[in-house]
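# Summary of the model geometry
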Amino acid sequence: MFYDGLVVPGALLLLASGTWMMIEFYGGWNFVQVPWLLGMVVLFAFEFVEGNTVTRFYFMRLRRITREALQAGAITPELEKARGEGIPTFTHFLDLPILFLIVALGAIRPMSWTLFIVGTVVAVVIATALTLYIPKLYPWGEAKRES
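## What to know about the pattern of salt bridges
Under the criterion given, the structure shown has two salt bridges. E85 is the partner of R61 in a salt bridge, and the nearest nitrogen-oxygen pair spans 2.7 Å. Of the two residues, R61 sits in helix α2 (residues 35–72) while E85 sits in the loop between α3 (77–83) and α4 (86–108), which places them 24 residues apart along the sequence. On the accessibility criterion, R61 (30% relative accessible area) is partly exposed. Measuring nitrogen to oxygen at the nearest pair gives 3.2 Å for the salt bridge that ties R64 to E68. In this pair, R64 and E68 are both assigned in helix α2, four residues apart and thus about one turn of the helix distant.

What follows is the structure, encoded as structure tokens:
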């Protein structure tokens, strides 16, 4: 409910206001000649699509599976399998580094593609590291099997 009521309308408001500002201050499509601005638009579009497909569908499915496991009174194999999926976990951990990169592009306003490229690589490395490391901190599935 929080996501549908606040995040989606907020993203749409950012899309509308950002589009208006680009038309107003950069003469419509002329913004594609400004690396930092085009980089922000590309990253925002990627995050919007990724967040409303991969991540959202995963968490909706995870909520359903978790409710079923609660009713069963135990961690089900389906829940354990869903918790171990790599792609949704990766995209979830990619959100903050990409947001940081969007803010950095807007604050620094580089006129070359170096920050965009290096920042994107660093964001992917951070998300990959978190995807590999964080699940190892919570071996809840192993503890249940042993008891």
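## Here's the deal with the packing of aromatic side chains
Under the definition given, this model contains six aromatic pairs. An angle of 70° between the planes, with centres 5.2 Å apart, marks the rings of Y58 and F59 as edge-to-face. The exposure class assigned to F59 is partly exposed, which follows from its relative accessible area of 35%.

## Regarding the side chain of T55
As for its position among the elements, T55 is in helix α2. In contact with T55, not counting residues within four places along its chain, are E50, T91 and H92.

## Brief notes about unusual backbone geometry
You will see that R109, though not glycine, has its phi angle at about 55°, which is positive. Looking at where R109 falls in the secondary structure, it is placed in the loop between α4 and α5 (114–137).

## What about α4?
With 23 residues, α4 extends 33 Å from end C-alpha to end C-alpha; this agrees with the ideal 33 Å at 1.5 Å per step. When α4 is considered as a whole, its buried residues turn out to be P88, T89, F90, T91, F93, L94, P97, I98, L101, I102, A104 and L105. Immediately beyond the C-terminal end of α4, within one or two residues, lies R109, with a positive phi of roughly 55°.

## A closer look at the environment of W29
Relative to the helices and strands, W29 resides in the loop between α1 (2–26) and α2. Taking the relative accessible area as the measure of exposure, W29 reaches 67% and is therefore exposed. Counting along the chain gives 10 residues from W29 to T19, while the straight-line C-alpha distance between them is 10.0 Å.

## What to know about the side chain of T91
Among the structural elements, T91 can be located in helix α4. Overall, the relative accessible area of 7% leaves T91 in the buried class. At 3.1 Å, the side chain of T91 forms a polar contact with the side chain of T55. In this view, T91 contacts E50, V54 and T55; residues no more than four positions away in its chain are not counted.

Quick notes on the rules
- Residues numbered from 1 in each chain as written.
- Predicted model: local features only at pLDDT ≥ 70, side-chain atom pairs only at ≥ 80, totals over all residues.
- Heavy atoms only, no water.
- Salt bridge = Lys/Arg side-chain N within 4 Å of Asp/Glu carboxyl O.
- Helix = DSSP H or I, 4+ residues; strand = E, 2+ residues; numbered from the N terminus.
- Buried < 20%, exposed > 50% of the residue type's maximum accessible area, 1.4 Å probe, protein only.
- Phe/Tyr/Trp six-rings, centres within 6.5 Å; stacked < 30°, edge-to-face > 60°.
- Contact = heavy atoms within 4.5 Å.
- Expected span 1.5 Å × (residues − 1).
- Polar contact = N/O pair within 3.5 Å; in protein donor to acceptor, adjacent residues only side chain to side chain.

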